[in-house]
Amino acid sequence: MNCAEKRQMIVPILVLAFFISASFLWIFYFHNYQLKRIIETTRLLNVISGDIRELNRTVQSGILTLDDKYAVQSAGYSLKVFAGLARLEETYPDKARIIEALHMDYYVKLVSIGSLFIEKRLDEGRRRLNEIEAGYTKIDYEISRLTAAHSNEYRTAVRNINIFMASAAIVFVVMVISIIKLFFYYAKKRREADLALVEAKAYTDNIILSMADILMVINPDATIHTVNHALCEMLGYPEDELTGASLEMVLAEEVFINGALLKTLLTLMEDGSIRDHQVVFKTKGGEKIPVSIHASVMFTGNGEQRRSNGIIWVARDLREVMELQKQLVHSEKMASLGTMATGVAHEIKNPLAIIHQGVEYLKPSLSADPLLLDVASQIKDAVLRADRIVKGLMVFSRQTSFRFEDTELTLFIEDTLMLVEGQLKMKHVGVVRQFSQGLPLIKADSTQMMQVFLNVIENALEAMPDGGTITVSLKKPSANFVIVSFVDTGQGIPEIKVLKVFEPFFTTKSKNAHAGLGLSIAKGIVDGHGGSLSVESEEGKGTRVTIALPVKQKEITDD
Amino acid sequence: MKTILTMALSLLLIANAVYGGSAAPAIRVSGASTIQPLAEKIAELYTRKYRRIASVQGGGSQAGIDDVRSHTSDIGMVSRVLKKEEKSWLNFTTFGFDAVVFIVNISNPLSRINKGTVVELFRGDIKSWKKLNGQDEAVLLVSKQPGRSTLELFEDYSGLKHPVGRKKGVNGLISMDALEIGSNLESATLVGGVPGAIGYVSVGTANSLISQGMPVKILTLDGVPATKENILNKSYPISRELNLVRPEWDQKSREYIDLFLGDEGRKLIINMGFVPNLKSEITK
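Residues numbered from 1 in each chain as written. Chains lettered and ligands numbered in written order. Predicted model: local features only at pLDDT ≥ 70, side-chain atom pairs only at ≥ 80, totals over all residues. Heavy atoms only, no water.

1. Topic: the interface of chain A and chain B
Then, number 1: Listed per partner, the contact involves 21 residues of chain A and 26 residues of chain B.
Then, number 2: Between chain A and chain B the total buried area reaches about 1700 Å² when both faces are included, carbon and sulfur atoms providing 69% of it.
Then, number 3: It is A:Asp68, A:Val72 and A:Leu79 that lose the most area in chain A upon contact with chain B, and together they represent 28% of the buried surface on that side.
Then, number 4: There are zero salt bridges connecting chain A and chain B.
Then, number 5: At the boundary of chain A and chain B, one finds two residue pairs in polar contact (both at pLDDT 80 or more).
Then, number 6: Every element with two or more residues in the side of chain A that touches chain B is listed here: α2 (68-91) and α3 (93-118) of chain A.
Then, number 7: Considering every element that reaches the side of chain A that touches chain B, the biggest residue donor is α2(A), with nine residues.
Then, number 8: For the side of chain A that touches chain B, the residue count by class is eleven nonpolar, five polar and five charged. (Contact = heavy atoms within 4.5 Å. Buried area = accessible area lost by both parts, 1.4 Å probe. Salt bridge = Lys/Arg side-chain N within 4 Å of Asp/Glu carboxyl O. Polar contact = N/O pair within 3.5 Å; in protein donor to acceptor, adjacent residues only side chain to side chain. Helix = DSSP H or I, 4+ residues; strand = E, 2+ residues; numbered from the N terminus. Nonpolar A, V, L, I, M, F, W, Y, C, P; charged D, E, K, R; others polar.)

2. Some points on the packing of aromatic side chains
For any pair of aromatic rings, geometry is given as the distance between the ring centres together with the angle between the planes.
All names here are of chain B.
Then, number 1: For the coordinates displayed, the defined rule picks out 17 aromatic pairs over all chains.
Then, number 2: Considering the side-chain rings of Phe-102 and Phe-154, the 5.9 Å spacing of their centres and the 70° angle between planes classify their relative orientation as edge-to-face. Taken as a pair, Phe-102 in strand β4 (residues 91-105) and Phe-154 in helix α7 (residues 149-158) lie far apart in primary sequence, 52 residues in all. For the pair Phe-102 and Phe-154, a shared accessibility class is recorded, and that class is buried.
Then, number 3: Geometrically, the ring pair formed by Phe-102 and Tyr-157 is tilted, given 6.2 Å between the ring centres and 50° between the ring planes. (Phe/Tyr/Trp six-rings, centres within 6.5 Å; stacked < 30°, edge-to-face > 60°. Buried < 20%, exposed > 50% of the residue type's maximum accessible area, 1.4 Å probe, protein only.)

3. A look at the sheet that holds strand β12 (residues 542-550) of chain A
What links the strands of a sheet is backbone hydrogen bonding, and the strands pair in either a parallel or an antiparallel sense.
All names here are of chain A.
Then, number 1: Read from one edge to the other, the open sheet built from five strands follows the order β7-β9-β10-β12-β11, with strand pairing classed as mixed. Since the sheet does not close on itself, it has two edges, and those belong to β7 (429-435) and β11 (532-538), each with one partner. For this sheet the average axis-to-axis angle between neighbouring strands, irrespective of direction, equals 15°.
Then, number 2: Sheet topology places β11 next to β12; seven bridges connect them, and they run antiparallel. (Pairing = 2+ DSSP bridges. Axes fitted to C-alpha atoms, helices over the stretch in contact; angles between N-to-C directions.)

4. A look at the nonpolar core
Then, number 1: Counting 79 residues, the largest nonpolar core has A:Leu88, B:Phe102, B:Leu121, B:Phe122, B:Leu190 and B:Ile198 as its most contacted members.
Then, number 2: When residues of this core are assigned to their parent elements, the largest contribution, nine residues, is made by α3(A).
Then, number 3: Filtering out sequence-adjacent residues up to four positions away, B:Phe102 remains in contact with B:Val118, B:Phe122, B:Phe154, B:Tyr157, B:Gly199, B:Tyr200, B:Lys217, B:Ile218, B:Leu219, B:Leu221, B:Tyr236 and B:Ile238.
Then, number 4: Among the nonpolar cores identified, the runner-up in size contains 40 residues, and A:Leu424, A:Phe453, A:Ala522 and A:Val545 belong to it. (Core = buried A, V, L, I, M, F, W, Y, C linked by side-chain atoms within 4.5 Å.)

5. Some thoughts on the environment of B:Arg266
Residue and element names in this part refer to chain B.
Then, number 1: Assignment of secondary structure puts Arg-266 in helix α12 (residues 263-271).
Then, number 2: For Arg-266, a relative accessible area of 19% translates into the label buried.
Then, number 3: For the pair Arg-266 and Phe-95, spaced 171 residues apart in sequence, the C-alpha to C-alpha distance is 8.7 Å.

6. Thoughts on α7(B)
Then, number 1: A large share of α7(B) lies buried, amounting to eight of its ten residues.
Then, number 2: Taken together, the buried positions of α7(B) are B:Ser149, B:Thr150, B:Leu151, B:Leu153, B:Phe154, B:Glu155, B:Tyr157 and B:Ser158.

7. Considerations on the side chain of B:Glu255
Residue and element names in this part refer to chain B.
Then, number 1: Note that Glu-255 resides in helix α11 (residues 251-261).
Then, number 2: For Glu-255, a relative accessible area of 11% translates into the label buried.
Then, number 3: Not counting the four nearest positions on each side in its chain, Glu-255 is found in contact with Tyr-46, Tyr-50 and Arg-52.

8. Description of the pattern of salt bridges
Then, number 1: What the rule picks out here adds up to 28 salt bridges over all chains.
Then, number 2: Residue A:Lys109 pairs with A:Asp105 through a salt bridge whose shortest N-O separation is 2.7 Å. One end of the pair, A:Lys109, and the other, A:Asp105, are both in helix α3, four residues apart, so they sit about a helical turn from each other.
Then, number 3: Given a relative accessible area of 42%, A:Asp105 falls into the partly exposed group.
Then, number 4: A salt bridge links B:Asp250 to B:Arg246; the nearest nitrogen and oxygen atoms lie 3.4 Å apart.
Then, number 5: Overlapping salt bridges bring together A:Asp105, A:Lys109, A:Arg128 and A:Glu131 as one network.

9. Structural notes on the environment of A:Leu88
All names here are of chain A.
Then, number 1: Here Leu-88 lies in helix α2.
Then, number 2: Leu-88 gets classed as buried once you look at its relative accessible area, which sits at 0%.
Then, number 3: Spatially, the C-alpha atom of Leu-88 lies 6.9 Å from that of Thr-41, the residues being 47 residues apart in sequence.

10. Some remarks on the sheet that holds strand β4 (residues 288-300) of chain A
Residues and elements named next belong to chain A.
Then, number 1: Read across the sheet, five strands follow the order β2-β1-β5-β4-β3 without closing on themselves; strand pairing throughout is antiparallel. Of all the strands in the sheet, just β2 (224-227) and β3 (273-282) have a single pairing partner and so form its edges. Averaged over all adjacent pairs, the angle separating strand axes in this sheet is 30°, with direction ignored.
Then, number 2: When β4 meets strand β5 (residues 307-317), the two strands line up antiparallel, connected through ten bridges.

As structure tokens, this is what we get:
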């Protein structure tokens, strides 16, 4: 219990102590002076009553003869009665005086009776005797009445003190209970405060622990003070292994080269914080992870006593960023490549045309020599191939502008299938149609979209040289998209190659037949529609091409 | 059987002898209550010796004389000096001396008193003991009834007369509030039983009762304590003769009186607190 609480407890305790002392003092006073007096008086009354009775008895037994013995006894009793009455005067002055007067009267008569009988004044004697009887009765009556009244007083006093003690006891108990309650109350408050503290700490700890960012607090002696969950996950160490470990354990060696880290830390000390500093972490398995650090110094104390207590590192995993950067670079390379290809294609077209025309012009002159003719044909074939490549390139890099119109997909696909009907029959490939009902219209450039579907179907056909099945399905998976999927039962694409299918010039078929631009062009067209094209394949089982196309509500911008 | 009968008979006889006095007493004695207790004891002696009953009664010295005159009693007890007139027709024996002492209750711190105070007290001038001994007690005066020689002695000493029917004394009258008591025993009993009481009694009675535990004490009067010597040599202010009187002595009365003068009688006299008269003899 702290001081404030102690102070608060003191008040009821003091009140209780005061109350107890006051009660005891009062009881002591009351008992000693009041009650004692009352009890004394009761006893006194009994004694006086007893003495008078004894006196009367002495009268009855022997005073009639006024025998010396009885005379002495009587005098003794009378004195006792007088003494008792003198003491009684303290409590009941009026009554005492009345009884004293009665007793005096009685005693005088008592003493005088003797000579009456001795002198044989019998009648007088008997009269006197009656008077004595009456006198005694009167005294006895007075004392009885007084005793009764006094008993009442005694009873009242006892009752009062009982009531007082009962209420005192109750108050005492109540006070003790409240003190105990207060005690427990403060104990509870204390516990709650402690609990709140613990919870607050747990909360703070939880923040640190649950942070998505990686947090590490480093002691001034370059050991790790605190780590959070994200860091542990990244580095693959459990928390207890990291806490207290040296910084060297989690950093890659190159960080320490040339005292680079030291320099960094010094800068940090001067400025108070550094941002976007690159460092390489080392996982438990030895893997190196590049991170960007935002570091700050932790201070304790204020004014002159301010000193650094450690360094806080908040780190960001740079791998993803780097990956994205790589991809960006790659895309840019591809884009520039595309532009370059278009330029080259344009430039090459003319020389190719010249070569083509020249060969045609020379062909009749070479008809006599079959070898020369053959050479001329080979040249022509080569030119044609080059031309095809150029055309393909131009198509690939052409700035396409789409002409969108509302298209009903079911009919569109049927039209497409009709175009390749002959090929399907020839290759013994069956078509399974899974068309959902109630498909909305899509906005599509029919020429280009047809090119996409044809390309996919052609790929499928080529993957099934010995026949198979193409399953075409149309689904509306959401309010915004329609899915067209083509599944073939062909030879499939090996896993490592699946990722590359959209790369220009990539082909699984012979290079002579295909430039390898089909899927990349198809993807470009689908992307231009605001959709997506994806390929899944399992070698030996087949390939699925999924095309998602937006429903016509969506605004599609021309690029 | 025989033994029992004999025993019963002997008992009867003895009883008769001792208590044979359902018959009329042989001697009747009456008079001063001062002498009465002594006379009763002597009567016991008498009965033992002579197998006759002597009956003793009180009534006061005057009653004693009157009874003797009227032949109601055989012997009168008078606790004062006989008057000249009385001496003319009475025989008397002064068997001892007595004194009148003032007694107070034992709770009274006083031990001496003088005439002046006595007068003031008994005249009623002083109502509370406060001035005299510091005690806040009311004064209770115990005086004697008329006809008692003790009263006469007091009157002579104090100069206060009994309030009823007499002329005033030198110092006035005894207070009307004073209680009147008959015998000495009564006086002593009253004084012993009431804290603020003062009375006057025969020294014999006083001493005898004090020795039995009566809660009273004798005051030194005018500087003279009431000792035997002081009584005998008359230095004590209030002393008196103890007399037995009779017109003429006869055999029976002489027997009785002799007992007073005998050794046993003397002892009894002393026990009673009186002073025996060693020179006594029957006069006349």
